[in-house]
Amino acid sequence: LVNYDIVISITQGCPFVLNLENNNSRANCGNSKKTKELESIIFANDTTIIFGGRFPWYFNGDAFVTNLGTIVDNIEPGGNDLLAGLEENIIFLLNNSEKLILIYPIPELGYYPLEPYLYKFYDLNDEITYDIGYWKEYSKEVNKTLNLIIDNKLVKIDTEEIFCNSFFLNSCTSSFNGTFYYYDDDHLTRDGARLVVDEILKYLDSTKNE
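Parameters at a glance
Residues numbered from 1 in each chain as written. Predicted model: local features only at pLDDT ≥ 70, side-chain atom pairs only at ≥ 80, totals over all residues. Heavy atoms only, no water. Disulfide = S-S within 2.5 Å. Buried < 20%, exposed > 50% of the residue type's maximum accessible area, 1.4 Å probe, protein only. Pairing = 2+ DSSP bridges. Helix = DSSP H or I, 4+ residues; strand = E, 2+ residues; numbered from the N terminus. Axes fitted to C-alpha atoms, helices over the stretch in contact; angles between N-to-C directions. Phe/Tyr/Trp six-rings, centres within 6.5 Å; stacked < 30°, edge-to-face > 60°. Lys NZ or Arg CZ within 6 Å of the ring centre and 35° of its normal. Polar contact = N/O pair within 3.5 Å; in protein donor to acceptor, adjacent residues only side chain to side chain.

1. Examining the state of the cysteines
Part 1 of the argument: According to the stated counting rule, one finds one disulfide in the structure shown.
Part 2 of the argument: Bridging C164 to C172, the disulfide has an S-S length of 2.0 Å. With the S-S dihedral at roughly 100°, the linkage between C164 and C172 falls on the right-handed side. For the residue pair C164 and C172, the accessibility class agrees, reading buried in each case.

2. Details of the sheet that holds strand β1 (residues 48–52)
Part 1 of the argument: If you trace the three strands from one edge of the open sheet to the other, you get β1-β4-β6, paired in parallel fashion. A single partner strand is all that each edge strand has here, and the edge strands are β1 and β6 (154–157). When the angles between neighbouring strand axes are averaged without regard to direction, this sheet yields 20°.
Part 2 of the argument: Across four bridges, strand β4 (residues 99–103) lies against β6 in parallel orientation. Paired with L102 across the bridge in β6 is K156.

3. Some words on the packing of aromatic side chains
The geometry of an aromatic ring pair is captured by the separation of the ring centres together with the interplanar angle, meaning the angle of the planes.
Part 1 of the argument: The tally for this structure, following the rule as stated, stands at 13 aromatic pairs.
Part 2 of the argument: The ring of W57 carries the charged tip of R54 above its face, separated from the ring centre by 4.0 Å.

4. Some points on the environment of N165
Part 1 of the argument: On the secondary structure map, N165 appears in the loop between α6 (159–164) and β7 (171–173).
Part 2 of the argument: With 33 residues separating them in the primary sequence, N165 and I132 have C-alpha atoms 8.5 Å apart.
Part 3 of the argument: Side-chain polar atoms of N165 contact the side chain of E161, separated by 3.0 Å.
Part 4 of the argument: A polar contact is formed between the side chain of N165 and the backbone nitrogen of N170, at a distance of 2.8 Å.

Keep in mind these numbers describe shape, not what the thing actually does.
The structure is reproduced here in structure tokens:
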């Protein structure tokens, strides 16, 4: 067994993107203070950083929409400032760690996954899916930026492959065989998080074995 010292640095609704510090919807996040915190606590030569976020939402400002509907949740869009800051901060994290595990944005749903079953629109044995094209369009600008960042210390985990291609080809789903992977439109359940964590652990183990 490998032992890890884990430091979690998460603030609700606050992406680690320095250029968004003066964005009206993110103004109270204080990312400059977060940077000092990370520099003083986390960064060391043997540190592995796991980094991700709901970046397509921060970029677009508009909530995710499919043929199944949407959960109205709009903010001021980060736009190109977010993309520039995202790239800048990934490079910053790479320069201050042994390895960076980058988690691509987790596909959203645009609906609350339990409601269709509670209202008996679907049977519990039925999976609700939407075409992957909705998510690809919504996340394309962020993913394009992430795809262009290449470094030998950078590991990328494509969550689209987990939730949109593993169970149904070219379709995203919130559940499979009665197991729910989301508890709302964009947050994972423990079962959903486990699918991502299993991928992370592969690279943590490889880091320790190098």
